[in-house]
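Now for the letters of each chain:
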Amino acid sequence: MPKWAEVVLVPLISLILAAILSALVILGIGEDPVAAVKLMVTGALGSTYGWGYTLYYATNFMFTGLCVAIAFHARLFNIGGEGQAMLGGLGVALACLYIPWPHWSLALIGATTMAALFGAAWAAIPAFLQAKRGSHIVITTIMFNFIAAAVLNYILVNMLRPKGSMDPATARFPDATNLPTLHDLLAPIGINFSKAAPANISLLVAIAACFFLWVLIWRTRLGYEIRAYGHSESAAKYAGISPVKITMITMIISGGLAGMMAINNVMGESERLVLNATEGAGFIGIAVALMGRSHPLGVFLAAILFGFLYQGGAELALWTSIPRELIVVIQALVILFTGALDNMVRMPLEKIFLSIRNARAPKPERKPVEPAE
Amino acid sequence: MNDKTDMERQATAAPAIELKGISKAFGPVQANKDISIRVMPGTIHGIIGENGAGKSTLMSILYGFYKADKGEIFISGEKTDIPDSQAAIAAGIGMVFQHFKLVENFTVLENIILGAEDGRLLKPSLAKARKSLLKLADDYGLKVDPDALIQDIGVGMQQRVEILKALYRQADILILDEPTGVLTPAEADQLFRILGRLRSEGKTIILITHKLREIMDITDTVSVMRRGEMTATVKTTETSPAELAELMVGRKVLLRVDKAPAQPRDVVLDIHGLRVVDEKGVERLRGIDLQVRAGEILGVAGVAGNGQSELLEVLGGYQTGTGSVQVKGQALDLTGKQSDGQSRRNHGIAHVPEDRQREGLIMDYHAWENTAFGYHKDPSYRSGILMNNAAIKADTVEKMERFDVRPPNPKLAAKNFSGGNQQKIVLAREIERNPDLLLIGQPTRGVDIGAIEFIHQQIVALRDQGKAILLVSVELEEILALSDRVAVMFDGQIMGVRDAADTDEKELGLMMAGITDADAKIGG
């Protein structure tokens, strides 16, 4: 199968299949699928307001998608992006609340560092348990999500909540830490972007993260070692690549990326830390990484697709009687087809390409074989 | 077509198996091209060919693992469709795989009925199997203890269980895929006696092998395959090893290694009291003493699993051990921080591991990425903090040319090269580092004859440059052909060291089975 088919055709067909099935479901509850698609597209992409939300969600998914993707390269399944992003939020909140930043740009650097450190630290514990004790990272990271939620709940209610407030959230961050939105960024070059949309400069940080991760994976010795370890642990040992070291470093990078999501949702959007700020973005990251084939460019594109599904889905729930739960079903179908049922599309496609090539290739000459009996 | 009438005219007895015009392609690779053979009942038919010649594909088609694109299969004169292995078993075909398909913690009897139980309760099946097992043992001289656990019996016995499994399912046709790869010479002889007995009882046997000697010893007819085609089918009595080798490779082959006598110099590798205990607490190496000098090849012979792998692993830095190992007078760290592949390479040790697919190569990496594997921290492969991919690629192109890797495409993934070419990639990487000591395990396992010649020449050339070489191989012929001295390992110990010139397969074979001969001459 040619590479373009592998990269473009397989996910595209998977998407179309998911769309067809979703259309049938929408038909099944007595709604018009064509109108639903129109509504989703106009709602998510029809205005700068829609784009602003789509890109805001996409920014979250880029960070969590990269988090899962880098771990995949070392054949580690980090399901803990959700918890690591929550801890990242705590790091951002501490940085913004307790350090008097003179300018948002410095605040962004400080908050990003804190977010990455907190996320990385939260990932380092399961990584250590896996590397040194053999506790399976899937189990530990998923449990750490629950622990993170509980820890955050405790800290918000008992420590960070302003006196007298009934809301389990921190105080608003100081104005100096408020990040410029796309409206602020695009106004100087004459583009009038919606003021109300939450997409902000974190998007650029996410795109930069995609690029740096690409360099890391394919251009550095560390990336070479991570991929080698992911392909074959026995070969890695032969080459003198330490499994313990690679597991630790990969998970620390992975957790750091998940944590960095907090500069978007906590610092960029809500401008304070609330309960459940991550809203499941850590889990969506798994689907994004799967669909993006763990390649940073793929993650970037898949994140935008899922941003579209999120924003379009919200519009759908708002303007039609299609229930919110059905949006989740549609998103689940996309995940199912692009992630889990990948081979269902790939294998018939491979056969088609094979028969095309065979039909084109000249027939091999038949040489008679003479048995020497 | 009038195949059937043709056949009826030809012989009174129909062939046990007849394949007509079998073709099978995997993508662009034509694994089998228009293959026809006929095997008469009560004969042993050998199929010989290089790796990747299509032997295994052909047998997989016969056993129902693959479906042929074209062609017909006749069993005892009847056209038979074999869509899966169930159908193959029903047609009376039994297969003994190279890697046994046995449940380790089941008894012999339980393994034999596995998949052929009658009814939901085990007891009646087991009783029935026990009876027929006794009968089979009588008929064919295949004695086994039905209640022994598989994990407790030897490899030769396990293979016997595989044969019994097939016979229990009433196989008349037995296919054996490289059956002697894991056996000592004595066990192999025993196997051949059993096969002879089966033949005299009217069973038909197809023997797939790459060892010319086995073909000459036991088969009645032999087919040679090359690049997916059947190049010849001959009576064994009317051919010679040299002719078969030429048919396999398509050109004349040197079956012996040309080498001058060794000129050993200083001791490079000095091992004293080396012990290795694996994760399960089993002692794999029980006090090894060995020395390898510059300019000599020390061959380590032994049946697989007697500690040779652990010896290579601990020297290669990815297994911990106790005792003392010195390379050029410098002690190696066997347990601590410096016990890894990187520091071993810094000591001037290069290592061609036994299993190139699991250890020596990353199968999904391109050839150029594999060329840097283990040496990826080398300054020449670096530009700043990034890897200098262009330099690595250029280096790969050169190495591929010097070692005649085909196709010479550095961007092809390792898995897409043939076994021999994969091995050349590893060999090029390790030898071109100009090491003081080369560890090399199973240098020609799964490698075609043409490449074997080349690889052997490279190893001898490195010796002649005054390097020390520790060679581990389960192929006794290879050990004898290459080594200057031979050490035999059994159960984690060195049974003895002999000068290659003063020993033979018989003596080494006894030592490999753990039998020490007090009268045996002391070499070294």
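Bear in mind that the values here come from a model prediction, so they are computed numbers and not experimental data.

**Regarding the overall build of chain B**
At step 1: Along chain B, the regular secondary structure elements total 18 helices and 22 strands.
At step 2: For chain B, the spread of C-alpha atoms along the three principal axes comes to 75 × 50 × 45 Å.
At step 3: Per-residue burial over chain B gives 46% buried out of 524 residues.

**Focus: the overall build of chain A**
At step 1: When its secondary structure is counted, chain A shows 16 helices and zero strands.
At step 2: Rg of the C-alpha trace for chain A: 23 Å, near the compact-globule value of 21 Å for 373 residues, within the 12% margin.
At step 3: For chain A, the proportion of its 373 residues judged to be buried stands at 47%.
At step 4: Sequence-distant contacts, at least 24 apart, represent 76% of the contacts inside chain A between residues at least 6 apart.

**Digging into the UniProt feature "domain: ABC transporter" (unreviewed entry) in chain B**
At step 1: Taking the numbering used here, the UniProt-annotated feature "domain: ABC transporter" (unreviewed entry) corresponds to residues 17-252 and 269-516 of chain B.
At step 2: As annotated, residues 269-516 of chain B has a helix share of 33% and a strand share of 26%, and its two end C-alpha atoms lie 25 Å apart.

**Observations regarding the domain arrangement of chain B**
All names here are of chain B.
At step 1: Structurally, chain B comprises domain 1 (3-249) and domain 2 (267-358 + 435-512).
At step 2: The centre of domain 1, based on its C-alpha atoms, is set 34 Å off from the matching centre of domain 2.
At step 3: The partner domain 2 presents eleven residues to the nine residues of domain 1 that form the contact.
At step 4: For the side of domain 1 that touches domain 2, the secondary-structure elements that each account for two or more residues are α7 (185-200) and α9 (241-249).
At step 5: Counting residues per element, the side of domain 1 that touches domain 2 draws most heavily on α9, at three residues.
At step 6: When its residues are assigned to classes, the side of domain 1 that touches domain 2 shows six nonpolar, two polar and one charged.

**With respect to the nonpolar core**
At step 1: Ranked by internal contacts, the top residues of the largest apolar core, which has 247 residues, are A:M62, A:L66, A:V92, A:F306 and B:I175.
At step 2: In terms of residue count, the dominant contributor to this core is helix α3 (residues 48-73) of chain A (15 residues).
At step 3: Counting contributing residues, this core receives three or more from each of domain 1 (3-249) and domain 2 (267-358 + 435-512) of chain B.
At step 4: Beyond its immediate sequence surroundings of up to four residues, A:F306 is in contact with A:Y57, A:F61, A:I284, A:A287 and A:V288.

**Focus on helix α2 (residues 55-62) of chain B**
Residue and element names in this part refer to chain B.
At step 1: Most of α2 is tucked away: eight of the eight residues are buried.
At step 2: Regarding α2, the residues found buried are K55, S56, T57, L58, M59, S60, I61 and L62.
At step 3: Where α2 terminates, the next one or two residues include G64, which has phi positive at roughly 85°.

**Quick look at the pairing of strand β14 (residues 322-327) of chain B**
All names here are of chain B.
At step 1: As paired elements, strand β11 (residues 267-277) and β14 share five bridges and run antiparallel to each other. Along β14, the bridge assignment pairs I271 with V325.
At step 2: Inspection of the sheet shows β14 paired to strand β15 (residues 330-331) by two bridges, in the antiparallel sense. Its bridge partner lying in β15, V327 is registered against Q330.
At step 3: Hairpin connection from β14 to β15: two residues lie between these consecutive antiparallel strands, with K328 at a positive phi of about 50°.

**Points about the packing of α3(A) against helix α12 (residues 262-270) of chain A**
Residue and element names in this part refer to chain A.
At step 1: The geometry of α3 relative to α12 is characterised by a closest axis approach of 9 Å and an angle of 150° between their N-to-C directions. Here Y56, T59 and N60 of α3 lie close against α12, whose contacting residues are N264, N265 and E269.
At step 2: Considered class by class, the residues forming the contact of α3 with α12 number one nonpolar, four polar and one charged.

**Some details on the interface of chain B and chain A**
At step 1: Contact residues are listed per partner, giving 31 residues for chain B and 21 residues for chain A.
At step 2: Of all elements in the fold, only β2 (29-39), β10 (229-235), α11 (341-346), α12 (356-360) and β18 (386-387) of chain B reach the threshold of two or more residues within the side of chain B that touches chain A.
At step 3: Grouping the constituent residues of the side of chain B that touches chain A by class yields twelve nonpolar, eleven polar and eight charged.

**Concerning unusual backbone geometry**
All names here are of chain B.
At step 1: For the bond running from R406 to P407, omega is -10°, close enough to zero to count as cis.
At step 2: Along the chain, P407 falls in the loop between α14 (389-402) and α15 (419-431).
At step 3: Although it is not a glycine, K328 adopts a positive phi angle of roughly 50°.
At step 4: Relative to the helices and strands, K328 is located in the loop between β14 and β15.
At step 5: Phi angles above zero are rare outside glycine, and D491 is one such case at about 50°.
At step 6: On the secondary structure map, D491 appears in the loop between β21 (485-490) and β22 (493-499).
At step 7: Classification of D491 as partly exposed rests on a count of 15 C-beta atoms within 10 Å.

About the thresholds
- Residues numbered from 1 in each chain as written.
- Chains lettered and ligands numbered in written order.
- Predicted model: local features only at pLDDT ≥ 70, side-chain atom pairs only at ≥ 80, totals over all residues.
- Helix = DSSP H or I, 4+ residues; strand = E, 2+ residues; numbered from the N terminus.
- Buried ≥ 20, exposed ≤ 12 C-beta atoms within 10 Å, placed from the backbone.
- Rg over C-alpha atoms; globule rule 2.2 N^0.38 Å.
- Contact = placed C-beta atoms within 7 Å.
- UniProt positions renumbered as here; feature names shortened; annotations may be inferred.
- Domains from an automatic or database assignment.
- Nonpolar A, V, L, I, M, F, W, Y, C, P; charged D, E, K, R; others polar.
- Core = buried A, V, L, I, M, F, W, Y, C linked by C-beta atoms within 7 Å.
- Pairing = 2+ DSSP bridges.
- Axes fitted to C-alpha atoms, helices over the stretch in contact; angles between N-to-C directions.

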